[in-house]
Amino acid sequence: TEQSKSEKRKYEVRIFNNNWTLSYLFTDLNGKPLCLVCGITIAVMKEFNLRRHYDSHHKEKFEKFEGQARNEEVKKLMLQLKKQQSCFVKPQQIRDGAVKASYVIANEIAIASKPFTEGEFVKKCILLAAENICPEKRSDLNSISLSRNTVAERISELATDLDNQLKEKVKQFVAVSLAIFIRGVNASLDITEEFLQLVPLLNTTTSDDIFCAVQDALDKIGLDWSRVVSLATDGAPAMIGKKSGAATKI
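Residues numbered from 1 in each chain as written. Predicted model: local features only at pLDDT ≥ 70, side-chain atom pairs only at ≥ 80, totals over all residues. Heavy atoms only, no water.

(A) Geometry of the overall build of the protein chain. The helix and strand inventory of the protein chain stands at 11 helices and 4 strands. Here the protein chain, with 250 residues, has 22% of them falling under the buried criterion. When the accessible surface of the protein chain is summed, it comes to about 18300 Å², and 54% of that surface belongs to carbon and sulfur atoms. (Helix = DSSP H or I, 4+ residues; strand = E, 2+ residues; numbered from the N terminus. Buried < 20%, exposed > 50% of the residue type's maximum accessible area, 1.4 Å probe, protein only. Areas by Shrake-Rupley, 256 points an atom, 1.4 Å probe, with all protein chains shown as cover.)

Shown next as structure tokens:
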């Protein structure tokens, strides 16, 4: 029937026959037939189209190769194609790797509470090491951007991403606990930092709930509230609201 013929034509168009590589010097590249000799792609994957291209442009040069000799010629052409593709892929891989390295190093700078300018010092050390260990990689490593502004931007983006991830996870919470840490210094300037308490918030997490939880935890250890000089929060509205945030109440 006409319908079955139409379905057959669609099927033939989509499937690349591996025998065409040896016969017409074509290979399948992302669903399109690519000529191994001149790099031309054929719009419609039909044997007639591939054979016509081969007969018109390459048959005169390659028809003399038969049997094992033709197999060897096809291998050479395939190897040449792979080399050409790697020339385009490798620079992109280096660029992607340099960007990733920039984020990783910026993250370490943030964790260590180092100044943003440390990025430039780290890069200098990397390049000095490269000169002695792998000089051929120096130009690739030099593409890692670690300027003060870049490090600041990377850390800001990482912080925003973590904040967004947390916001998405919070939506799925069925129960919440509040972790309270306390840090203090005595007259001898000895610093103490300890995990104080994990407080379950069973129903709501309003500023009143959070304030009461913190108040109870601090009252239990007999803390003099007049000595509280600073407060660190995650920046949530319930914590930092100017009128009724937990920080304002504290």
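Continuing now.
(B) A look at the nonpolar core. Core analysis: the largest hydrophobic core is formed by 16 residues, its most contacted members being Phe-16, Trp-20, Tyr-24, Leu-25, Phe-26 and Leu-50. Residue contributions to this core peak at 3 residues, all from helix α5 (residues 67-111). Non-local contacts of Trp-20, meaning those with residues more than four positions away in its chain, are made with Ile-15, Leu-25, Phe-26, Met-45, Lys-46, Glu-47 and Leu-50. (Core = buried A, V, L, I, M, F, W, Y, C linked by side-chain atoms within 4.5 Å. Contact = heavy atoms within 4.5 Å.)

(C) Examining the packing of aromatic side chains more closely. Per the stated rule, a full pass over the model turns up 3 aromatic pairs. A cation over a ring is seen here: Arg-154 above Tyr-103, with NZ or CZ 4.4 Å from the ring centre. (Phe/Tyr/Trp six-rings, centres within 6.5 Å; stacked < 30°, edge-to-face > 60°. Lys NZ or Arg CZ within 6 Å of the ring centre and 35° of its normal.)

(D) Fine view of the environment of Val-214. Following the sequence through the fold, Val-214 ends up in helix α9 (residues 207-220). Sequence separation between Val-214 and Val-199 is 15 residues, and the spatial gap between their C-alpha atoms is 8.5 Å.

(E) Fine view of the environment of Pro-200. Summarising the element assignment, Pro-200 is placed in strand β4 (residues 191-201). Taking the C-alpha atoms as reference points, Pro-200 and Ala-213, separated by 13 residues in sequence, lie 8.6 Å from one another.

(F) Broad picture of the environment of Thr-27. Residue placement: Thr-27 occurs in strand β1 (residues 26-29). Using a relative accessible area of 12% as the deciding quantity, one classes Thr-27 as buried. Expressed as a C-alpha distance, the spacing of Thr-27 and Met-78, which sit 51 residues apart in the sequence, is 8.4 Å. Each residue touching Thr-27, except ones within four places of it in the same chain, is listed here: Phe-16, Thr-21, Lys-32, Pro-33, Leu-34, Leu-36, Met-78 and Leu-81.

(G) Examining a negative patch on the surface more closely. A contiguous patch of negative charge on the surface is contributed by Asp-55, Glu-60, Glu-63 and Glu-66. With respect to the element layout, Glu-60 can be found in helix α4 (residues 59-62). (Patch = residues over 30% accessible without salt bridge, like charges linked within 9 Å, V, L, I, M, F, W, Y side chains within 5 Å. Salt bridge = Lys/Arg side-chain N within 4 Å of Asp/Glu carboxyl O. Lys, Arg positive; Asp, Glu negative; His and termini not counted. Charge placed at Lys NZ, Arg CZ, Asp CG, Glu CD.)

(H) Region of the structure containing the state of the cysteines. Per the stated rule, a full pass over the model turns up 0 disulfides. Free cysteine Cys-35: the closest other cysteine sulfur is in Cys-38, separated by 3.6 Å. (Disulfide = S-S within 2.5 Å.)

(I) Summary view of the pattern of salt bridges. Summed over all chains, the structure comprises 3 salt bridges. A salt bridge links Glu-47 to Arg-51; the shortest N-O distance between them is 4.0 Å. Taken together, the residues span about one helical turn, with Glu-47 and Arg-51 both in helix α3 (residues 47-57) at a distance of 4 residues. Glu-47 gets classed as partly exposed once you look at its relative accessible area, which sits at 34%. Overall, Arg-51 belongs to the partly exposed group, its relative accessible area being 32%.

(J) Structural detail: the pairing of strand β2 (residues 32-35). In terms of strand pairing, β1 meets β2 through 4 bridges, oriented antiparallel. Opposite Leu-29, over in β2, you have Lys-32 as the bridge partner. Two successive antiparallel strands, β1 and β2, enclose a turn made up of 2 residues, where Asn-30 displays a positive phi of approximately 55 degrees. (Pairing = 2+ DSSP bridges.)

(K) A nonpolar patch on the surface, seen in detail. Among the surface-exposed residues, Phe-181, Phe-195 and Leu-198 lie close enough to one another that they form a single nonpolar patch of about 350 Å² accessible area. Within the secondary structure layout, Leu-198 lies in strand β4.

(L) A look at α9. If you check α9, its first and last C-alpha atoms are 20 Å apart, about what 14 residues at 1.5 Å a residue would give, namely 20 Å. By the burial criterion, the buried members of α9 are Ser-207, Ile-210, Phe-211, Ala-213, Val-214, Ala-217 and Leu-218. One face of α9 carries all of its buried residues, which in axial projection span an arc of 160 degrees. Positioned one or two residues after α9, Gly-222 has a phi angle of 70 degrees, which is positive. (Expected span 1.5 Å × (residues − 1). Arc of directions from axis to C-beta.)

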